[in-house]
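# Examining the three-dimensional arrangement
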Amino acid sequence: HFTDQLSLTAGLRYTDEQKKLKHSQTGDPFELLQPFLAEQNFKRSDSELSPTVSLNYKPNDDMLLYASFSRGFKSGGYNAFSITATDSAQYEPEFVSSWEVGFKSDLLDRKLRFNAAAFYLDYKDLQVNQLLLVGGIPQFQTSNAAKAESKGVELELTARPIQGLDLAASYGYLDATFDDYQNATTNGDDFTGNRMVKAPKHNISLSGQYVTPVTDRINVFARAEVSYRSRVFYSANNILSQGGVALVNGRIGLAESESGWEIYLWGRNLTDRDYVINRLAGVIVPGQTTQSLAAPRTYGVEARVKF
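We now turn to the structure provided with this report. (Residues numbered from 1 in each chain as written. Predicted model: local features only at pLDDT ≥ 70, side-chain atom pairs only at ≥ 80, totals over all residues. Heavy atoms only, no water.)

### What about the overall build of the protein?
Selection rule: For the purposes of this entry, the term helix denotes a DSSP run of H or I that reaches at least four residues, the term strand denotes a run of E that reaches at least two, and both are numbered from the N terminus. For each residue, the accessible area found with a 1.4 Å probe, counting protein chains only, is set against the maximum for its type, and the residue is called buried under 20%, exposed over 50%, and partly exposed in between. Note on areas: Shrake-Rupley, 1.4 Å probe, and residue coverage restricted to the protein chains presented here. Neither His nor the chain termini are counted; the positive set is Lys and Arg, and the negative set is Asp and Glu. The atoms used to mark charge sites are NZ of Lys, CZ of Arg, CG of Asp and CD of Glu.
Secondary structure assignment for the protein yields zero helices and 18 strands. Expressed along its principal axes, the backbone C-alpha trace of the protein runs to roughly 80 × 55 × 40 Å. Out of the 307 residues in the protein, the part that is buried amounts to 33%. Summed over all atoms, the accessible surface of the protein reaches about 19,000 Å², with 56% contributed by carbon and sulfur. Averaging the coordinates of the 31 positive side-chain charges in the protein and doing the same for the 35 negative ones gives two points 4 Å apart.

### A short note on the side chain of Asp106
Selection rule: Identification of polar contacts relies on pairs of N or O atoms within 3.5 Å, with a donor-acceptor requirement for protein atoms, meaning one able to donate a hydrogen and the other able to accept it, and with residues adjacent in sequence counted only if both atoms are side-chain atoms. In this analysis, two residues are considered to be in contact whenever any of their non-hydrogen atoms come within 4.5 Å of each other.
For Asp106, the position within the fold is in strand S6 (residues 94–107). For Asp106, the side chain forms a polar contact with the side chain of Arg113, separated by 2.7 Å. Non-local contacts of Asp106, meaning those with residues more than four positions away in its chain, are made with Asp62, Leu112 and Arg113.

### Focus: the pairing of strand S9 (residues 165–180)
To keep it simple, the criterion reads: Should DSSP find at least two bridges between two strands, the strands are taken to pair.
Bridge count for strand S8 (residues 137–159) against S9 is 13 bridges, and the pairing is antiparallel. Bridge pairing in S9 places Glu156 opposite Ser170. If you look at the hairpin formed by S8 and S9, you'll find five residues sitting between the two strands, and Gly164 has a positive phi there, around 95 degrees. Pairing between S9 and strand S10 (residues 202–213): nine bridges, direction antiparallel. Note on S10: the bridge partner recorded for Asp166 is Gln209.

### Concerning a nonpolar patch on the surface
Operational definition: Exposure above 30% relative accessible area and the absence of a salt bridge qualify a residue for a patch, where like charges join within 9 Å and nonpolar side chains (Val, Leu, Ile, Met, Phe, Trp, Tyr) within 5 Å. The rule for a salt bridge is simple: a side-chain nitrogen of Lys or Arg has to be within 4 Å of a carboxyl oxygen of Asp or Glu.
Taken together, the side chains of Val214, Ile252, Leu254, Ile263, Leu265 and Val301 make up a nonpolar region of the molecular surface, amounting to roughly 520 Å² of accessible area. Breaking the nonpolar patch down by element, the ones donating at least two residues are strand S14 (245–256) and strand S15 (262–268). Of note, Ile252 is situated in strand S14.

### Regarding the pattern of salt bridges
Summed over all chains, the structure comprises 16 salt bridges. Note that Arg217 and Glu258 form a salt bridge whose closest N and O atoms lie 3.2 Å from each other. Taken together, the positions of Arg217 in the loop between S10 and strand S11 (218–229) and Glu258 in the loop between S14 and S15 put the pair 41 residues apart, joining distant regions of the chain. On the basis of relative accessible area, Glu258 is assigned to the exposed category, the value being 60%.

### Some thoughts on the environment of Gln242
Summarising the element assignment, Gln242 is placed in strand S13 (residues 241–242). Classification of Gln242 as buried rests on a relative accessible area of 11%. It is 43 Å that separates the C-alpha atoms of Gln242 and Gly260, two residues lying 18 residues apart in sequence. Aside from chain neighbours lying at most four places away, what touches Gln242 is Arg229, Arg231, Val232, Tyr234, Arg273, Tyr275 and Val276. Engagement of the side chain of Gln242 in a polar contact is seen with the backbone nitrogen of Val276, the distance being 2.8 Å.

### Focus: unusual backbone geometry
Note on backbone geometry: most residues besides glycine have negative phi, and most peptide bonds are trans. The backbone of Asn183 sits at a positive phi, close to 50 degrees, despite the residue not being glycine. Looking at the element boundaries, Asn183 is found in the loop between S9 and S10. Given a relative accessible area of 53%, Asn183 falls into the exposed group. One non-glycine residue, Asn238, lies in the positive phi region at around 60 degrees. You can see Asn238 is positioned in the loop between strand S12 (232–233) and S13.

Everything listed here is a matter of geometry and, on its own, says nothing about what the molecule does.
Set out below in structure tokens:
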């Protein structure tokens, strides 16, 4: 603490990860498509320092301004299905540097809370899943093929206009693109400038929750949620995608304060929206697409007892 209003928080994490791999391969009888490989043993170590620092300023009891920086990494590894007699098929660690500025505030005698943040993430040696030729055979493997950046803003608003009623709204804008992603496929495609995978540009959520007593010991609870996210891409070539999706969830129930039992009726995807959660291009059959669908409308009962 430099003053009553100004403070600094800093931290340092040391990580050491050890990975061992024992690999062997039984080839086909004539070793045309898959050769025989005797047992090989591999070992790698990734050691990194990850710092974090945050400068905080409180002009008054109801507001906090902050700026922060942190650096993280994801360890490297092996592509076990791409190992050959002369290539261990390793990939190296991925690094990200993150900057964020923002504020948190309580307004109207703390009946209203408004938070805002702007962020920027810079990725180096980004680990991506690529379709590459390995020994003349197309295979998906992880490699350090790209640089990328992700930047945006997040806004959060919560309010309690009356006792027992909580309202919340949030909005996020995300601009996440590949800065450098050349030779992304066996054809030498360049995905530089494309959006990152599963990174929607817009995220919106709204919720309302109301709790009120019906007896001296029993409260009734009701909650409704609406969320929306814009188009996402499932591949770095930005061909396979899913358009914007809005979902509605709900929950209603009773809670007893003395013995602590609760019972709820809940429902998810109440409008029974069909949408894709993953979509991939086929490797063997030209033009083939495989996809996974999200759960349809689901509902159930949940009971809890505290002992």
